[in-house]
Amino acid sequence: MSETRKRSRRHFGGYAHKKQRGSRELEVGAQGVLVTCNMNERKCTSEAFSLLNEYADALYGPEQPADTQGSLSEEEEDDEDAEAALKKEVSQIQSSIKTHQQRFSAVESGANNVVFIRTHGVDPEQLVHHILSDLHQTKKRKSRVILRMLPVSATCKAFPEDMEKFLSVFLERWFRAPLRATYQICFKARNSSHNKREEVITAVAGLVGKLNPLNKVDLTNPELSIIIEIIKAVCCVSVLKDYTLFRKYNLQEVAKEPTNQSTGPQEPANQSTGLQEPANQNMGPQDAANQNTTPQEAANQMQEHGDGGKVDGSAESCDITAGNGMKEAELE
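None of these values were measured; they are calculated from a predicted model.

Reading guide: rules and limits
- What you see as residue numbers is a count from 1 along each chain, following the sequence as written.
- Local features in this predicted model are restricted to residues whose pLDDT is 70 or higher, and side-chain atom pairs enter the listing and the counts only when it is 80 or higher, whereas totals over whole chains, interfaces and linings include all residues.
- In computing side-chain properties, one takes all heavy atoms of the structure into account and sets aside hydrogens as well as water.
- Here the axes come from fitting lines to C-alpha atoms, over the contacting stretch only for helices, and the angles between their N-to-C directions go from 0 to 180 degrees.
- Secondary structure follows DSSP: runs of H or I at least 4 residues long count as helices, runs of E at least 2 residues long count as strands, and numbering of each begins at the N terminus.
- Small angles under 35 degrees read as roughly parallel and large ones over 145 as roughly antiparallel, with 65 to 115 read as roughly perpendicular and the rest as oblique.
- Residues count as neighbours in contact if any of their non-hydrogen atoms are within 4.5 Å of one another.
- Rotating anticlockwise by less than a right angle from the far helix to the near helix defines a left-handed crossing, while the corresponding clockwise rotation defines a right-handed one.
- Each residue receives one of three labels: charged for Asp, Glu, Lys and Arg, nonpolar for Ala, Val, Leu, Ile, Met, Phe, Trp, Tyr, Cys and Pro, and polar for the others, Gly being one of them.
- Whether a residue is buried, partly exposed or exposed follows from its accessible area with a 1.4 Å probe, protein chains only, as a fraction of its type maximum: under 20%, in between, or over 50%, in that order.
- Every crossover in which the path from the first strand over the helix to the second runs clockwise, viewed with the strands pointing away from the viewer, is termed right-handed.
- When DSSP finds two or more bridges between two strands, those strands count as paired.

J.: What should I look at first to understand the packing of helix H2 (residues 41–60) against helix H5 (residues 124–138) in this one?
T.: Between two packed helices, the angle of one axis relative to the other and the distance separating the axes together describe the packing. At a minimum axis separation of 10 Å, H2 and H5 run at an interaxial angle of 100 degrees. The orientation of H2 with respect to H5, classified from their angle, is roughly perpendicular. Packed against H2, whose contacting residues are Leu51, Leu52, Tyr55, Ala56, Leu59 and Tyr60, the element H5 presents Gln126, Leu127, His130, Ile131, Asp134 and Leu135 at the interface.

J.: Just to check I follow, could you spell out the packing of helix H6 (residues 160–170) against helix H8 (residues 197–211) for this structure?
T.: Between H6 and H8, the shortest axis-to-axis distance is 10 Å and the interhelical angle comes to 30 degrees. For the element pair H6 / H8, the angle class is roughly parallel. Every pair of crossing elements has a handedness; the one defined by H6 and H8 is right-handed. Where H6 approaches H8, its residues Met163, Glu164, Leu167 and Ser168 are matched on the opposing element by Val200, Val204, Leu207 and Leu211. Here the residues of the contact of H6 with H8 sort into six nonpolar, one polar and one charged.

J.: Can you walk me through the pairing of strand S6 (residues 182–190) in this structure?
T.: As a general feature of sheets, a regular strand has side chains that alternate between the two faces. Across the nine residues of S6, eight count as buried, placing the element largely inside the fold. One crossover worth recording links S6 to the parallel strand S7 (residues 216–217) by way of H8, and it is right-handed. Sheet topology places S6 next to strand S8 (residues 224–231); eight bridges connect them, and they run parallel. Counterpart to Ile185 in the pairing with S8 is Ile226.

J.: What is the right way to look at the sheet that holds strand S9 (residues 234–240) in this model?
T.: Each strand in a sheet pairs with its neighbour through backbone hydrogen bonds, running either in the same direction (parallel) or in the opposite one (antiparallel). With mixed pairing, five strands are arranged side by side in an open sheet as S5-S9-S8-S6-S7. Strand pairing shows two members of the sheet lacking a second neighbour, strand S5 (154–157) and S7, which therefore form its edges. As paired strands, S8 and S9 are joined by seven bridges and run antiparallel to one another. Residue pairing in the sheet places Ile228 in a bridge with Val237 of S9. With respect to the sheet, H8 is in contact with S6 and S8, its orientation differing from that of S6 by roughly 145 degrees.

The values are spatial; any link to function lies outside them.
Laid out in structure tokens, this is it:
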């Protein structure tokens, strides 16, 4: 009997306890940063906290845990009994822990090799753009495990009707007339099978076109990138600048030195062959003319812009359909 009890506790009690400890999961209404890694989520979380706190202190100042109740005076402590004083001290400790975790807190994302850092009182889009801008300028690699950091400005339910209703209002900030911009749509779904890439891209492009018909699709160098990341039943949305410049917000790639500077004098032959390629590049403006169509007509040109490979974030691939050909670019 004792062995069966131990087995039942091991299989049921232990598992339930583990699920309770990790009950904080990504939910609708959350705002934060989606971080992808390669097979080491604990190290990824540690690096993410370090990076976010470092640059958040530079942008917003160091986080100061506030003493909401304040310290008790000696006279008040003498009047209260020991039990009441103990309860008050415990509540002060709990409130200080809450204020210390107010800016950043780790949440279960619901997908392997993906970490979600929830933010409070911080603009995740501004913060992550500041991090990547600094890494792009200094070329200093400040992480070993983190691959991409994608800010999440808002979340909604990952069902077509809910997404359409939410995005029709969310996208007004960037695309509603008289505002206009060139854009692309980047879509990725994890542990979700009820959303098809083509249908989502077509619907979102239609919404952008309704906000302003002058909004144009540009798959080579867009001004804005609409990021849609679906994990289970939660849709994470953001609109990002410099998405191609910052190598799809990949911390490893953006910190690399340009390969053109490393070419020595012994490679003039390769550089001369590069001069023969404008013939292909001259076709770009013709294709760009096709890309600069209304969002409804250009929605079918856009394919998935996200992580490829067996491991989330291990490799990023873009399959872009433009004109009559398909161009594939792969980042390690």
